[in-house]
Amino acid sequence: MTEKELIESGNMKMEWARNHMPVLAIVREKFEEEKPLKGLKVGMALHVEAKTAVLVETLAAGGAKVSIAGCNPLSTQDDVAMALDTRENIHCFAKYGIGSKEYYEAIDRVLDLKPDITIDDGADLIFKLHKERTDLLPNILGGCEETTTGIHRLHAMEKEGALKMPVIAVNDAKTKYLFDNRYGTGQSAWDGINRTTNLLVAGKNVVVAGYGWCGRGVAMRAEGLGASVIVTEIDPIRALEARMDGYRVMKMEEAAKLGDLFVTTTGNRDILTAEHFQVMQDGAILANSGHFNVEIDMDALASLSKSVKTVRNNIKEYDIGNRRINVIAEGRLVNLAAGDGHPAEVMDMSFANQALCVRHIAENKLLNGVHKVPEELDMFVAKMKLKSMGISIDELTSTQECYMSGWECGT
Ligand code: NAI
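No experiment lies behind these values; they were computed from the predicted model shown.

In this section: the site of the ligand. The full set close to the ligand counts 27 residues, and Thr-147, Thr-148, Thr-149, Glu-233 and Asn-335 are the nearest of them. Within the contact set of the ligand, an oxygen atom lies 2.8 Å away from a backbone nitrogen or oxygen of Cys-214. Measuring from an oxygen atom of the ligand, one finds a side-chain N or O atom of Glu-233 at 2.5 Å. Sorting the residues of the shell around the ligand by element identifies α7 (148-159), α8 (174-197) and α9 (213-224) as the ones contributing at least two each.

Printed below as a string of structure tokens:
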């Protein structure tokens, strides 16, 4: 494709996403009117694809200058990145398939523009700020973090007194994790796996590692596609939930022998390792939907292998002698590295939260540390989403309110 065609394709993808993100459209309208981000610079490291581009446009509509890098080298869509870069007040430094050096250079270029507010998916910008670009910290009003793994890392920094800026844990808004992580990952992980493998899920043993918000979405949709689902966990409560939701629960050392297809969703490392590869069935397929590519031990798999070949676009087959193991998208998060990411309607809620939290940071002086998304913003997103879906719900009567909150209003 020529550059012009790529930009056209990016614009088309953005328009489609924009038309399916009604809550973000409401936020954008307000931003256009009130310009709450006027004079501010927002630096971002997010998956650069169409829904993110709609968030970037929204922030620019609010008066901000926005610069963005990717947060994963395989999730950038170049056509969208190029289309974004043509917009006024927007710089996009993301490119598909770049190596680690270029990846971190792009993050540096975002920081070179001296952002007042950051938005991360995995905390890369914040780490760089704290490790190498500390001179920029005094200028920072605050940041927003999109995902569970990023928030784990930020809490760890806060605990050690190392976090030198306020950060809002956008992932932990109810209108984020209950929908994006569960229904978003549930659908888009299977979208990525199915379009890449073109194989049947029905009748397969699908092993889901981790029964958190992402894992339960992936398990639920696997069941819907006709798989027999096995869950592995380390948390007794979540293991019990998985069992009572109807799935088999066992240790990975057992599940490894039974699985036809594995999806890791733990946010932890070393979930599938050499001991598991050696007992897997010939032809087993592995995918990761957790944030970093550390859930499948790719180094161990490579060193066990006698040969590696591409067997289909984005699938590598590792021949470990007595069995072949297939890995989708190099073990990087499968819904974005092998698909288009979450559906637009679900990112509508996540990114409306992001935009509202950026405004909250701009308008309030927050103290250093990890902050919750203000309850009223979370509720606003839920109400607007319901409205956009044409759904009305009941309201408490004053008698009900008294009954629920007091002890004197009768039985
Ligand atoms: P969560 O904390 O709700 O769930 C993770 C689960 O994994 C927990 O139940 C935990 O007990 C379990 N776990 C941890 N170590 C384990 C081990 N060794 N074996 C088995 N289970 C283990 O987290 P959530 O929100 O489900 O996120 C999971 C990962 O997915 C994170 O890295 C997050 O950043 C990422 N994520 C990815 C998305 C995507 O688009 N692919 C979207 C949202 C989150």
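Once you've had a look at it, read on.
Let's shift gears to the packing of aromatic side chains. A ring pair, where both rings are aromatic, is described by two values, the distance of the centres and the angle of the planes. The full count for this structure, using the stated rule, is 4 aromatic pairs. Relative to Tyr-247, the ring of Tyr-211 lies with its centre 5.9 Å away and its plane at 70 degrees, an arrangement referred to as edge-to-face. Taken together, the residues span a long stretch of sequence, with Tyr-211 in the loop between β7 (205-209) and α9 and Tyr-247 in the loop between α10 (236-244) and β9 (248-249) at a distance of 36 residues. Residues Tyr-211 and Tyr-247 agree in their burial class; the two are buried. We note Lys-131 situated over the ring of Phe-127; from NZ or CZ to the ring centre the distance is 5.3 Å. Seen from the ring of Trp-213, Arg-216 lies directly overhead, with NZ or CZ sitting 4.7 Å from the centre.

For any two helices packed against each other, one specifies the inter-axial angle together with the distance between the axes. Between helix α3 (residues 50-61) and helix α15 (residues 344-363), the shortest axis-to-axis distance is 10 Å and the interhelical angle comes to 30 degrees. One finds that α3 runs roughly parallel with respect to α15. Helix-helix and strand crossings are classified by hand; for α3 and α15 the assignment is right-handed. Residues Lys-51, Thr-52, Leu-55, Thr-58 and Leu-59 of α3 form the contact with α15, whose own contacting residues are Ala-344, Met-347, Phe-351, Gln-354, Ala-355 and Val-358.

With that settled, consider helix α5 (residues 100-112). When the terminal C-alpha atoms of α5 are compared, their 18 Å separation across 13 residues agrees well with the 18 Å that a helix rising 1.5 Å per residue should span. Inspection of α5 places Tyr-103, Ala-106, Ile-107, Asp-108, Val-110 and Leu-111 among the buried residues, and these make up the whole buried set. Those residues of α5 hidden inside the fold are in contact with β1 (41-45), β2 (65-69) and α6 (124-131).

This paragraph deals with the UniProt feature "domain: S-adenosyl-L-homocysteine hydrolase NAD binding" (unreviewed entry) in the protein. UniProt's feature table lists "domain: S-adenosyl-L-homocysteine hydrolase NAD binding" (unreviewed entry) at residues 181-341, given in the numbering used throughout. Spanning residues 181-341, this segment combines 37% helix with 23% strand, and its end C-alpha atoms are found 11 Å apart.

A complete count under the given rule lists 24 salt bridges for this structure. Among the ionic pairs, Lys-4 bridges to Glu-8, the shortest N-O distance being 3.6 Å. One end of the pair is Lys-4 and the other is Glu-8, both in helix α1 (residues 3-19) and 4 residues apart, which spans about a single turn. Given a relative accessible area of 61%, Lys-4 falls into the exposed group.

What follows is about α6. Counting buried positions along α6 yields 7 of 8 residues, so the element is predominantly enclosed. If you check which residues of α6 are buried, you get Asp-124, Leu-125, Ile-126, Phe-127, Lys-128, Leu-129 and His-130. Residues of α6 that are buried in the fold lie against β1, α5, β4 (117-120), α7 and β6 (166-169).

Bringing the side chain of Asn-181 into the picture now. Structurally, the position occupied by Asn-181 is in helix α8. Owing to a relative accessible area of 3%, Asn-181 belongs among the buried residues under this scheme. Side-chain polar atoms of Asn-181 contact the side chain of Thr-148, separated by 3.4 Å.

Attention shifts here to the sheet that holds β9. With mixed pairing, 8 strands are arranged side by side in an open sheet as β9-β8-β7-β10-β11-β14-β13-β12. Of all the strands in the sheet, the pair left with one neighbour each is β9 and β12 (307-312). When β7 meets strand β8 (residues 228-232), the two strands line up parallel, connected through 5 bridges. Directly across from Asn-205, in β8, lies its bridge partner Ser-228. Together, β7, β8 and β10 (261-264) form the strand contacts of α9, whose direction differs from that of β7 by roughly 170 degrees.

For the rest of this paragraph, the subject is the pairing of β1. A large share of β1 lies buried, amounting to 4 of its 5 residues. By the bridge criterion, 5 bridges tie β1 to β2 in an arrangement that is parallel. Residue pairing for β2: Ala-45 is matched across the bridge by Ala-69. Running through α3, the crossover from β1 to the neighbouring parallel element β2 is right-handed. By the bridge criterion, 4 bridges tie β1 to β4 in an arrangement that is parallel. By the bridge assignment, Ala-45 is partnered in β4 with Asp-120.

Cut-offs applied
- Residues numbered from 1 in each chain as written.
- Predicted model: local features only at pLDDT ≥ 70, side-chain atom pairs only at ≥ 80, totals over all residues.
- Heavy atoms only, no water.
- Near = heavy atom within 4 Å.
- Polar contact = N/O pair within 3.5 Å; in protein donor to acceptor, adjacent residues only side chain to side chain.
- Helix = DSSP H or I, 4+ residues; strand = E, 2+ residues; numbered from the N terminus.
- Phe/Tyr/Trp six-rings, centres within 6.5 Å; stacked < 30°, edge-to-face > 60°.
- Buried < 20%, exposed > 50% of the residue type's maximum accessible area, 1.4 Å probe, protein only.
- Lys NZ or Arg CZ within 6 Å of the ring centre and 35° of its normal.
- Axes fitted to C-alpha atoms, helices over the stretch in contact; angles between N-to-C directions.
- Parallel < 35°, antiparallel > 145°, perpendicular 65-115°, else oblique.
- Left-handed = near helix turned anticlockwise from the far one by under 90°.
- Contact = heavy atoms within 4.5 Å.
- Expected span 1.5 Å × (residues − 1).
- UniProt positions renumbered as here; feature names shortened; annotations may be inferred.
- Salt bridge = Lys/Arg side-chain N within 4 Å of Asp/Glu carboxyl O.
- Pairing = 2+ DSSP bridges.
- Right-handed = clockwise from strand over helix to strand, strands pointing away.

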